[in-house]
Amino acid sequence: MSEKKGLLSGGYEKVVRNKRYIFWFWLLNLTLAEFGVAAFRNQAHAILDNSLYSGGLVHGFDLGVFSEMLARPEFGPMMASTMPALYFAQVFFVFAVLFLPGVFLGYASNYRLPRDEFFRACGRNLWRFVRLLIVAGIVMGIVTGILFGIRGALVKAAGESTNELLGFEVSMACLLVIFLVMTVMRIWFDLAEVDIVLSDQKKVRKSIGASFRHTFRHLGRLLASYVVTTIVAGIILMAGIWLWRHGVAAPRVGRAFVVSQLTLGLLLIPRFWQRGIAVAYWQREMAHAVVPPVVPLPVAS
Amino acid sequence: MKIERLILFFPAVLVVGYSLVLMGHGAKAAAPLQAKAAATAPAKAGAAAGAMAKSASVASGTGAVSIPDTTIAVNSDKPMSERVVHYEIDAKYDAAKHTVDATEVLTYHNLTGQALDHFPFHLYQNAFQPKATFVRDAKLMGSRDSAYAKWEDKFYGSEDIKSLEVVGQGDLTAQLQYMQPDDGNKDDKTVVDLRVPKPIAPGAYVQFKIAFQTKFPETQARSGWKRDFVLGGQWFPKVGVWWHGAWNCHQYHNTTEFFADFGVYDVKLTVPDYEVVGASGVQVSDAANSDGTKTYTYHGDDIHDFAWTASPRYKVKEDGVFQGQMGPVKLRFLMQPAHWSQAERHEKIVKDTMERFEKWYGPYPYKTLTVVDPEPDSAAGGMEYPTFITGDASWFAPKGEHIFPEVVVEHEFGHQYWYGMVATNEFEDAWMDEGINSYTEVKVMDSIFGEDSSMLRMAGMTLGEREAQRGGYIGVADLDSMAEKAYEYYSSNAYAGITYGKTASVLLTLEGIIGEDTMAKAMSVYFMKYRFTHPTKEDFLKTIEEVSGKDLRWYFKQAVYGTQVLDYEVSKLSSFPVNWYEDEKKGAGKKKDDKDTVYLSTVWLHRKEDFVLPVELEVKFTNGEKVREHWDGQSRWVKFQYEKKAKVESAEIDPDHKIQLDRNFFNNSRTAEADPKPARKVSNYWLFVTQWLGQALAWWAV
């Protein structure tokens, strides 16, 4: 129990010590999303700005007005405004891949990591991360594919039952299992990412193997830590939406923006916390295997 | 030997002859007795006696054949409709095979004024076959239910006539011929025609004795089985309607519903004894059989169809009574166990709706209403049959959401008026039942839940009924007219959008033209005048003209019979100082006080489409002044000019929001200054979703 608390608090400490990473990732997230919604925003302004009918969206949220806006030919096909959002979500993912090595290095350091070291770590580990992601993608794809396939079959079978709720209950139970399995895999590949960066491991398969063994060696501690942080994320999301709904008057667009961004900013914390946990775990359990120190010393300036 | 035979033969002849005479008298005496019993005895006993007496008359084949004038199932002491048919059906349901084996005695009263030498019958369940028109339509036009991407055995349904006898003319089974009056599809067997050797004289009765088997598909088009549930709709051979000098008996299409004559139904339904059963009409008896089955007997008066349902798992709520204008109406709710907590919601919406329909349009005359909450995931939800409707509910039903069950139950109850009693031709004039019903749905739901949230008020979002109806129409506005036959629409979406959404919008707009009170009066007059008949489009439209005292042909021609699209816009606004050159002389930056400046303000209106409708315009100025204008809408555009010591702030066509038919509400108004708030608000939502998507992807993938 104390070890688990240690992992959680150790990880959290790293997040708090390196708050700037969360800020930058939030800013990156916001900036990319701004590009993603540009088409949607332009079309919305063109239709709504000079019409009294659009008032139904200000003092409440009239779904009739909203759906009519989406249905207007001048709004264009839905794909034209929604696809950019999906593209930019993927670009954010790419940036996350690119910058995470720097974050790991920062979390492992007991000093404020200079920018050049941060980006050097990003560059040095980029190709390794790409390879790791390919492996992770294949493994996670296969496992989740199988699990969702089983879920589909079970839900279909349950759907034939005369107990109407059974299908829903089976679906929820399956999703819980899938969540736990995916979290285990997330832990595995998080540890592998950390190991690649902090061990300066060129052979990705070695990090994958080591982290696999460690994942299952201390599964309870790690899984509990990850589940707790996921629950925190859920609470943040629910609380943010609740505050948005009940704490912000419908016409106050500026306040709504602040609350929504605050929610999204806070929502980044649990994931970085998980990475902090992975780094803390690596330092306690896996670091001994590393012979040469991999963290480059800061260059005095 | 001969003498012995004669001795035996003569007493036998005497006995048989005397018996026949007695039976004839008995049968003749039975009809008045039956009516008397119905009027005086309790419903159950009366109906049972009536049904039995009638059966005796039919069985003898010698009695005076007639349509019973019973009033067991209505709160009336005399029949309310001109009764053309009497169906007596004895059916046994095989729950394992999903089949019904039945005998049907149909008594038909020839009120056509001419001799009839052939009779078409609907065999609706034959629609559920891969080459049938119904399935082809679904593949071509799309469908509310299955689009039949892949054919599965469970989709198969059939309705086979095993034998057919016309009393007095013998077995005519061999004379039956399938016909395809709509599309000539020789593989469609949903209509069968019977040519009778001896034509039936005007005013005469004819009896058909039919033995048939129906096999239900897994629920298709609100009929069939799902798991251990069954909804028996359109399940027996039904004779067509003689309408305007010809038989009207269309094939069953994916977008069509039904059409039938009023009459009396006596139905015996034998099902496994574990089933909970509900049906049209009143239940007059139930009896356990020795083979583990139970037989329920139902009687219906002044109805034109009969549907039933069975499931072992229904939970029944039947303590509700609605005190109608003509008498009490017993409400029976057959609920799914997981929806039991919603039984009160079902009852409340039914009572609220009945109250409004009685107040606005006329009385509900039947003694019963059965509301079925059908099997989840079945295609049985949202259907109307006389005195019997299916709702649609889910175990998850938050309070602010009024679509399931409220809107569905309200809509299906509305069909008791617009289909059940005002029995329009659903094949040809679908808008007259679905559309008029959608209009009254808007009126009822708005009055119960409020105009802006009659469908939804949840999580800060609202949705009104009239917006939802209009939303279905605007995407298909120019494809078909309301007057199109239901099976000749461009697509399933066009059928739904025009039939339901456009009709509701057309009638709401009409309400704006003739006034809400006049429209309500017209609807009431229409209902009272045409209940228990088969009115046409013109019957409805002329009633509105008569009640309003207005010639509305110009409107009906475009809105009902045409495909014209209505779209007016405020295309431009302009305000500049009349003495604009003086400001220029004074130079930039020296702005004169607005209060002293006289502005020339201009508002341009543009009729973008081909629907011509007079419109009101409201122009608002920066000093708060408002000016109303009227434009006949005839020309393509018009401009209104003002010289005032204020600029134009905004202009709005239809400021009282009466024209629900306009395809684009956004361009109905224009403001001089842009207000970015609405766009910022919706963009902020989209921004949040986009960011969250990015985070979620990064969470799991890296």
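Residues numbered from 1 in each chain as written. Chains lettered and ligands numbered in written order. Predicted model: local features only at pLDDT ≥ 70, side-chain atom pairs only at ≥ 80, totals over all residues.

**Student:** For this particular structure, what's the right way to read the overall build of chain B?
**Tutor:** When helices and strands are tallied, chain B shows 14 helices and 32 strands. Out of the 702 residues in chain B, the part that is buried amounts to 49%. Considering only contacts within chain B whose residues lie at least 6 apart along the sequence, 70% involve residues at least 24 apart. (Helix = DSSP H or I, 4+ residues; strand = E, 2+ residues; numbered from the N terminus. Buried ≥ 20, exposed ≤ 12 C-beta atoms within 10 Å, placed from the backbone. Contact = placed C-beta atoms within 7 Å.)

**Student:** Whenever I open this one, the overall build of chain A confuses me. Can you help?
**Tutor:** Within chain A one finds nine helices and one strand. N-terminal to C-terminal, the α/β element order of chain A is α-α-β-α-α-α-α-α-α-α. Reported as C-alpha extents along the three principal axes, the dimensions of chain A are approximately 70 × 65 × 35 Å. Across the 301 residues that make up chain A, the buried fraction comes to 37%. Within chain A, contacts between residues separated by at least 24 positions form 74% of all contacts whose residues are at least 6 apart in sequence.

**Student:** Got a minute to help me understand the packing of helix H7 (residues 430-449) of chain B against helix H8 (residues 465-474) of chain B in this structure?
**Tutor:** To describe two helices that pack against each other, one gives the angle between their axes and the distance between the axes. Residue and element names in this part refer to chain B. Taken N-terminus to C-terminus, the directions of H7 and H8 make an angle of 155 degrees; their axes are 9 Å apart at the nearest point. The orientation of H7 with respect to H8, classified from their angle, is roughly antiparallel. Between H7, through Ser438, Glu441, Val442, Met445 and Asp446, and H8, the contact on the second element is made entirely by Glu465, Arg466 and Gln469. The residue inventory of the contact of H7 with H8, partitioned by class, reads two nonpolar, two polar and four charged. (Axes fitted to C-alpha atoms, helices over the stretch in contact; angles between N-to-C directions. Parallel < 35°, antiparallel > 145°, perpendicular 65-115°, else oblique. Nonpolar A, V, L, I, M, F, W, Y, C, P; charged D, E, K, R; others polar.)

**Student:** Looking at this model, I keep getting lost on the pairing of strand E4 (residues 158-166) of chain B. Mind explaining?
**Tutor:** All names here are of chain B. With eight bridges connecting them, E4 and strand E8 (residues 205-215) associate as antiparallel partners. Bridge pairing links Leu164 to Ile210 in E8. Inspection of the sheet shows E4 paired to strand E5 (residues 170-171) by two bridges, in the antiparallel sense. In the strand pairing of E5, Glu165 is matched with Asp171. (Pairing = 2+ DSSP bridges.)

**Student:** Looking at this structure, I do not really get the interface of chain A and chain B. What am I missing?
**Tutor:** One frequently used descriptor of interface size is the decrease in accessible area upon assembly of the parts. Residue-level contacts link 58 residues of chain A with 57 residues of chain B. Only helix H2 (19-48), strand E1 (61-62), helix H3 (63-71), helix H4 (78-108), helix H5 (115-159), helix H6 (164-198) and helix H9 (253-286) of chain A provide two or more residues apiece to the side of chain A that touches chain B. Per element, the largest residue contribution to the side of chain A that touches chain B is 12 residues, and it comes from H2(A). Residues of the side of chain A that touches chain B, tallied by class, amount to 35 nonpolar, 13 polar and 10 charged.

**Student:** Help me out: how do you make sense of unusual backbone geometry in this one?
**Tutor:** Note: most peptide bonds trans; most residues except glycine with negative phi. In this structure, the amide linkage connecting Phe404(B) to the following residue, Pro405(B), adopts the cis form with an omega of 10 degrees. Within the element layout of this structure, Pro405(B) appears in helix H5 (residues 403-414). Phi at Asp200(A) takes a positive value of approximately 50 degrees, unusual for a residue other than glycine. Within the secondary structure, Asp200(A) sits in the loop between H6 and helix H7 (204-217). We note that Asp377(B) has phi near 65 degrees; this positive angle belongs to a residue other than glycine. As for its position among the elements, Asp377(B) is in the loop between strand E21 (368-372) and strand E22 (383-385). For Asp377(B), a count of 15 C-beta atoms within 10 Å translates into the label partly exposed.

**Student:** Help me understand the sheet that holds strand E15 (residues 276-279) of chain B, please; the structure alone is not making it clear to me.
**Tutor:** Strands belonging to one sheet form pairs held by backbone hydrogen bonds; the direction of such a pair is parallel or antiparallel. All names here are of chain B. Strands sit in the order E9-E10-E18-E15 across an open sheet of four strands; the sheet is antiparallel. Pairing within the sheet leaves two strands with one partner each, and these edge strands are strand E9 (224-226) and E15. Geometrically, the sheet is characterised by an average inter-axis angle of 10 degrees between neighbouring strands, direction not taken into account. Inspection of the sheet shows E9 paired to strand E10 (residues 229-232) by three bridges, in the antiparallel sense. Across the sheet, Lys226 pairs through a bridge with Phe229, a residue of E10.

**Student:** Help me out: how do you make sense of helix H10 (residues 516-530) of chain B in this one?
**Tutor:** Along an α-helix, residues three or four positions apart point the same way, because every turn accommodates 3.6 residues. Residues and elements named next belong to chain B. The end-to-end C-alpha distance of H10, which contains 15 residues, comes to 21 Å, matching closely the 21 Å that a straight helix rising 1.5 Å per residue would cover. Looking only at H10, the buried set comprises Met519, Ala522, Met523, Tyr526 and Phe527. One side of H10 carries all its buried residues, which in axial view fall inside an arc of 130 degrees. Buried residues belonging to H10 abut helix H4 (343-360), helix H6 (416-421), helix H9 (492-514) and helix H11 (537-548). Positive phi shows up at Phe532, right after H10, with a value of about 65 degrees. (Expected span 1.5 Å × (residues − 1). Arc of directions from axis to C-beta.)

**Student:** Would you mind showing me how to read the sheet that holds E1(A) here?
**Tutor:** The strand order across the open sheet built from three strands is E1(A)-E25(B)-E24(B), with neighbouring strands paired in mixed fashion. In this open sheet, the two edge strands, each paired with only one partner strand, are E1 of chain A together with strand E24 (456-458) of chain B. As defined by bridge partners, E24(B) adjoins strand E25 (residues 461-463) of chain B across three bridges and the pair is classed as antiparallel. Paired with Met458(B) across the strands is Met461(B), a residue of E25(B).

**Student:** In this structure, what is going on with the nonpolar core? I would like to understand it.
**Tutor:** Within soluble globular proteins, side chains that are nonpolar tend to cluster in buried spots. Grouped together as the largest cluster of nonpolar side chains are 233 residues, with contacts concentrated most on Phe104(A), Leu269(B) and Ala279(B). Excluding anything up to four places from it in sequence, Phe104(A) contacts Glu193(A), Val194(A), Val197(A), Leu198(A), Arg275(A) and Val279(A). (Core = buried A, V, L, I, M, F, W, Y, C linked by C-beta atoms within 7 Å.)

**Student:** Is there a simple way to think about the confidence of the model for chain B in this case?
**Tutor:** Do not read the predicted coordinates in detail wherever pLDDT is low. All names here are of chain B. Taken as a whole, chain B shows an average pLDDT of 91; of its residues, 89% reach a score of 70 or greater. Counting contacts from residues 1-62, a segment whose pLDDT is below 50, to residues more than four positions away or on other chains yields 67 contacts. Across the whole predicted complex the pTM is 0.89, and at the interface the ipTM reaches 0.93. (pLDDT = per-residue confidence, 0-100.)

**Student:** Whenever I open this one, the packing of H2(A) against H9(A) confuses me. Can you help?
**Tutor:** All names here are of chain A. Two numbers describe how H2 lies on H9: the axes approach to 9 Å, and their chain directions differ by 125 degrees. Viewed along their axes, H2 and H9 adopt a mutual orientation that is oblique. Of the two elements, H2 crosses H9, and the hand of that crossing is right-handed. In this structure, H2 uses Tyr21, Ile22, Phe25, Trp26, Asn29 and Leu30 to contact H9, whose residues at the interface are Gln261, Leu264, Gly265, Leu268, Ile269 and Phe272. Partitioned by chemical class, the residues of the contact of H2 with H9 number nine nonpolar, three polar and no charged. (Left-handed = near helix turned anticlockwise from the far one by under 90°.)

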